Amino acid sequence: MIKLTDVEKVYRTSTIETMALSKVNIVINKGEFVSIMGPSGCGKSTLLNIMGLLDEPSSGKIEIDNTLISGYADKRLAHMRNQKLGFIFQSYHLINDLSVVDNVEIPLLYRKGVSGSERRKKALEALEKVGLNSRTKHYPNQLSGGQRQRVAIARAIVGNPEIILADEPTGNLDSVMGEEIMNIMLQLNKTEGTTIVMVTHDENMANKTERVIRFFDGRQVN
Amino acid sequence: MLKNYIKIAFRVMLRQKFFTAISIFGISFTIMVFSIIASITAITFGNDAPNINRERTLYYRGFTVEGDQFRFSAPEPVFYDQVEKLANVETMGRYIAGQLTSFKNGKKTSIDVVFTDEKVWKIYKHDLLEGRTFTADEARGAQSIVVITESVKKHYFGDEKAVGQFLETTPRLRVIGVIKDFLHIGGVGPEAAQAFIPLNRYHFGANKNPIYSAIIVAKQQSDLPEIKQSLSKLINERYNPKKRNVELWANDVYERNDFGDYLAIMAVFIFFTMVIPALNLVGINIGRIAERRSEIGIRKAFGASSSVLAGQFIAESIIITLIGGLLGVLLTYACSGLVITHIVASNDDVIASNSVLIHWDVIMYAVLASLFFGLLSGAVPAWRMSRLHAVKALKNGNL
Ligand SMILES: Nc1ncnc2c1ncn2[C@@H]1O[C@H](COP(=O)(O)OP(=O)(O)O)[C@@H](O)[C@H]1O
Ligand SMILES: [Mg+2]
């Protein structure tokens, strides 16, 4: 599903050069639930951003669905993200000016030929899947952290992407809420067969996934 | 998509209430100020009807000779006949301005009148609503007839036909025509009159030896200085044997209305009205960039391309600008009435002018200009913001 070959990422500032990723080779198979672990600053987010086509590697190859992503223009990358990928972030990243259901609709806004009513219907379905159908008209700041993250999951799945990339999705939540979020993702992986790559600091969470990839200082260590 | 743009535009506007208010107020206020200034300028200096010849017109009222016992002298009619024959004079009208008082239902009304000749109908362009204007023979023949403006007609005769009826003044005047109200700021004689009476009718009043003034229309605007020289020359020949200094009372529209002062006042006014929108634009753009980074990151992550995002932000600024523009038109409409009653219609307190100070073409340009600047102020930050890297946007904009 996702294949990284010799991916490197170097951040250059005027004073220093940081090797965030060096010679990373990873294959994520269709339907897998993989977690990525490692200390802070070891390059986990960088890796996820590259997999999510939000950032470009300094060198190396990325293939998604057997398609080599190389030299794609902004429009084409945006289209690819919209069709294939869903993101979940540690700090939720909801738009506070939009209601819950409007937030969930966002990915469908950038999809051609989806009518307003269809958008609404799909957003409500996604919210039902995460158990938030009673809060659709609320605004993000009226919700708890766990509820916000459930909205974020609904947004990530509303367009039925094949891949979900989650960067420390339970990092801001207490263990009970974190557990809830984890269960939703496990359920999603099991019933819908969605491929999930999750960055986490929590061994308990990682142990629930099929495979753990460990990172240290920009390198894969297992 | 558009519905979504409008939705978020309104949410953003509500969130930044203060800046939104200033922004909309700034745009609408600017439109209003510019529209009214443009209208006032046109009324004071422009060549709009009825003042179609204003730029090449000289108002001549007489002269003073230094050391003379009488400070001010107006020449005899024969002098004017000479002026009229000057090579670069196209037309010359004669007038005496005055006021007539009348009583209606026991209430006193005074109207600004002008005793004038038939040239006035050529020099100025009036819309005739009823009847006709007077002829050269009638002007010379001192007939007791009058052409009135529509608000004078309304005041005396209501909705009835006015032609054939009489103004109960001394002397009694028969109405032969009604012309449309016209706007003026200050202005002398025919420029500000509410009723036009044949020139020689004046001789039948108290003053047996009237002093009249002349409206001299040059063939071209550039002839005006030469005409003034000719006037001085004629005066020196006729009235100034001792060759003393002569001051000529002949002014074109810019001299009569102190164009320099006017420009200075308007410049100060415009400066202050521009400071508000300028300040606010800066504020809004800073606020937007700071507060909406994460939104940009989010939308990009879920499939918005840079161009789609730029479109969204531009749509937002168009919406705000359009609201300001529409409000500006309403504001102009509302305030022009105030301006008319307090600045423009100086005729009197009883008969107010019905005309409207709105120049729709000016307003249209003002709205177009505000749209243009709204777009510009929206497009530049939108373009910059939309190019923000998704990862950076998400990193810096923790929600
Ligand atoms: N935009 C950037 N510019 C410079 N250095 C960066 C940038 N983003 C990340 N880094 C550096 O790259 C390394 C990996 O960062 P990151 O992928 O965020 O780590 P993690 O998610 O594992 O905590 C860190 O040393 C970080 O300081
Ligand atoms: Mg990280």
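Numbers given to residues run from 1 along each chain, matching the order in which its sequence is written. Going through the entries in the order they are written, you letter the chains from A and number the ligands from 1. The predicted nature of this model means local features are confined to residues of pLDDT at least 70 and side-chain atom pairs, given and counted, to a pLDDT of 80 or more, with totals for whole chains, interfaces and linings taken over all residues. The side-chain numbers reported here are obtained from all heavy atoms of the structure, hydrogens and water having been left aside.

Re the packing of helix H5 (residues 145-157) of chain A against helix H6 (residues 175-192) of chain A
Residue and element names in this part refer to chain A.
Phase 1: Their axes nearest at 9 Å, the elements H5 and H6 cross at an angle of 15 degrees. As the angle between them shows, H5 and H6 are arranged roughly parallel. Once H5 is placed against H6, the crossing between them reads as right-handed. Contacts from Gly145, Gly146, Gln149, Arg150, Ile153 and Ile157 in H5 reach Met177, Glu180, Ile181, Ile184, Met185 and Leu188 in H6.
Phase 2: Asp, Glu, Lys and Arg are counted as charged, while Ala, Val, Leu, Ile, Met, Phe, Trp, Tyr, Cys and Pro are counted as nonpolar; the rest, among them Gly, fall into the polar class. A class-by-class count of the residues in the contact of H5 with H6 yields seven nonpolar, three polar and two charged. Fitted lines through C-alpha atoms serve as axes, helices being fitted only where they are in contact, and the angles separating the N-to-C directions of these axes extend from 0 to 180 degrees. Every helix listed is a DSSP run of H or I at least four residues long, and every strand listed is a run of E at least two residues long, numbered separately from the N terminus. Angles below 35 degrees are treated as roughly parallel, those above 145 as roughly antiparallel, those between 65 and 115 as roughly perpendicular, and all remaining angles as oblique. Crossing handedness is read from the near helix: turned anticlockwise from the far helix by less than a right angle, it gives a left-handed crossing, and turned clockwise, a right-handed one. Every residue pair with non-hydrogen atoms within 4.5 Å of one another is taken to be in contact.

Focus: the site of ligand 1
Phase 1: Taken together, Tyr11, Thr18, Ala20, Pro39, Ser40, Gly41, Cys42, Gly43, Lys44, Ser45 and Thr46 of chain A together with Lys395 of chain B are the residues near ligand 1.
Phase 2: Note on definitions. A residue lies near a molecule or strand when any single heavy atom of the residue is within 4 Å of it. Nearby residues place ligand 1 at the junction of chains A and B.
Phase 3: Polar contacts, as used here, are pairs of N or O atoms within 3.5 Å; protein pairs need one atom able to donate a hydrogen and one able to accept it. Residues neighboring in sequence count only if both atoms are side-chain atoms. One of the backbone N or O atoms of Lys44 of chain A is found 2.9 Å from an oxygen atom in ligand 1.
Phase 4: Protein chains bury 69% of the 560 Å² of accessible surface belonging to ligand 1 in isolation.
Phase 5: Considering every element that reaches the shell around ligand 1, the biggest residue donor is helix H1 (residues 44-51) of chain A, with three residues.
Phase 6: Residue composition of the shell around ligand 1, by class: four nonpolar, six polar and two charged. Note on areas: Shrake-Rupley, 1.4 Å probe, and residue coverage restricted to the protein chains presented here.

Quick notes on the sheet that holds strand E9 (residues 211-216) of chain A
All names here are of chain A.
Phase 1: Here, a strand pair is defined by DSSP locating no fewer than two bridges between the strands. Strand order in the open sheet formed by six strands is E6-E7-E8-E3-E9-E10, and the pairing between neighbours is mixed. The sheet is open, and its two borders are formed by strand E6 (85-89) and strand E10 (219-220), each paired with just one other strand.
Phase 2: In this structure, E6 lies alongside strand E7 (residues 163-167), joined through five bridges in parallel fashion. Its bridge partner being in E7, Leu85 is matched across the sheet by Ile163.
Phase 3: Together, strand E3 (33-37), E6, E7, strand E8 (195-199) and E9 form the strand contacts of H1, whose direction differs from that of E7 by roughly 155 degrees.

A few points about the UniProt feature "domain: ABC transporter" (unreviewed entry) in chain A
Phase 1: UniProt positions are given in the numbering used here, feature names are shortened, and annotations may be inferred rather than shown by experiment. In the numbering used here, UniProt assigns the "domain: ABC transporter" (unreviewed entry) feature to residues 2-221 of chain A.
Phase 2: Helix makes up 36% of residues 2-221 of chain A and strand 27%, with an end-to-end C-alpha separation of 19 Å.

Quick notes on the confidence of the model for chain A
Phase 1: In the predicted model, chain A carries a mean pLDDT of 94, and 100% of its residues have values of at least 70.
Phase 2: Along the chain, pLDDT gives the predictor's confidence residue by residue, from 0 to 100. Within chain A, the lowest mean pLDDT, 92, falls on E10 of chain A, and the highest, 97, falls on E8 of chain A.

Notes on the interface of chain B and chain A
Phase 1: Facing the 29 residues of chain B at the interface are 28 residues of chain A.
Phase 2: The quantity reported as buried area is the accessible area (1.4 Å probe) lost by two parts once they are put together, taken as the sum for both. Taken together, both faces of the contact between chain B and chain A bury some 2600 Å²; the carbon and sulfur share is 58%.
Phase 3: Should a side-chain nitrogen of Lys or Arg be within 4 Å of a carboxyl oxygen of Asp or Glu, the pair is scored as a salt bridge. Our enumeration of links across chain B and chain A arrives at zero salt bridges.
Phase 4: For the pair chain B and chain A, the number of links is six residue pairs in polar contact (both at pLDDT 80 or more).
Phase 5: Residues of the side of chain B that touches chain A, tallied by class, amount to 13 nonpolar, 10 polar and six charged.

Focus on the sheet that holds strand E5 (residues 67-68) of chain A
All names here are of chain A.
Phase 1: What the four strands build is an open sheet, ordered E2-E1-E4-E5; its pairing is antiparallel. Here the strands that pair on one side only, and so sit at the sheet edges, are strand E2 (17-28) and E5.
Phase 2: In terms of strand pairing, strand E4 (residues 59-64) meets E5 through two bridges, oriented antiparallel. Bridged to Glu63 within E5 is Leu68.

Observations regarding the pattern of salt bridges
Residues and elements named next belong to chain B.
Phase 1: Per the counting criterion, the structure on display carries 26 salt bridges over all chains.
Phase 2: For Arg299, the salt bridge is made with Glu295, and the minimal N-O distance between the two is 2.9 Å. Of the two residues, Arg299 and Glu295 both sit in helix H10 (residues 293-301), four residues apart, roughly one turn of that helix. Each of the two residues, Arg299 as well as Glu295, counts as buried.
Phase 3: Within this structure, Asp81, Glu84, Arg94, Asp117 and Lys119 form a network of salt bridges that share partners. Only protein chains enter the area calculation, which uses a 1.4 Å probe; residues under 20% of their type maximum are buried, those over 50% are exposed, and those in between are partly exposed.

Describing the side chain of Glu130 of chain B
All names here are of chain B.
Phase 1: Along the chain, the position of Glu130 falls in strand E4 (residues 128-131).
Phase 2: At 2.7 Å, the side chain of Glu130 forms a polar contact with the backbone nitrogen of Ala162.
Phase 3: For Glu130, the residues in contact, after removing those within four places along its chain, are Lys153, Lys161, Ala162, Val163, Ile176, Gly177 and Val178.

Here's the deal with the nonpolar core
Phase 1: As used here, the term nonpolar core means buried Ala, Val, Leu, Ile, Met, Phe, Trp, Tyr and Cys residues forming a set that is joined through side-chain atoms within 4.5 Å. In terms of nonpolar packing, the biggest core is built from 53 residues, with Leu47, Met51 and Phe215 of chain A touching the most fellow members.
Phase 2: When neighbours within four sequence positions are excluded, Met51 of chain A is seen to be in contact with Ile2, Leu4, Ile26, Ile28, Ile64, Leu85, Leu165 and Val197 of chain A.

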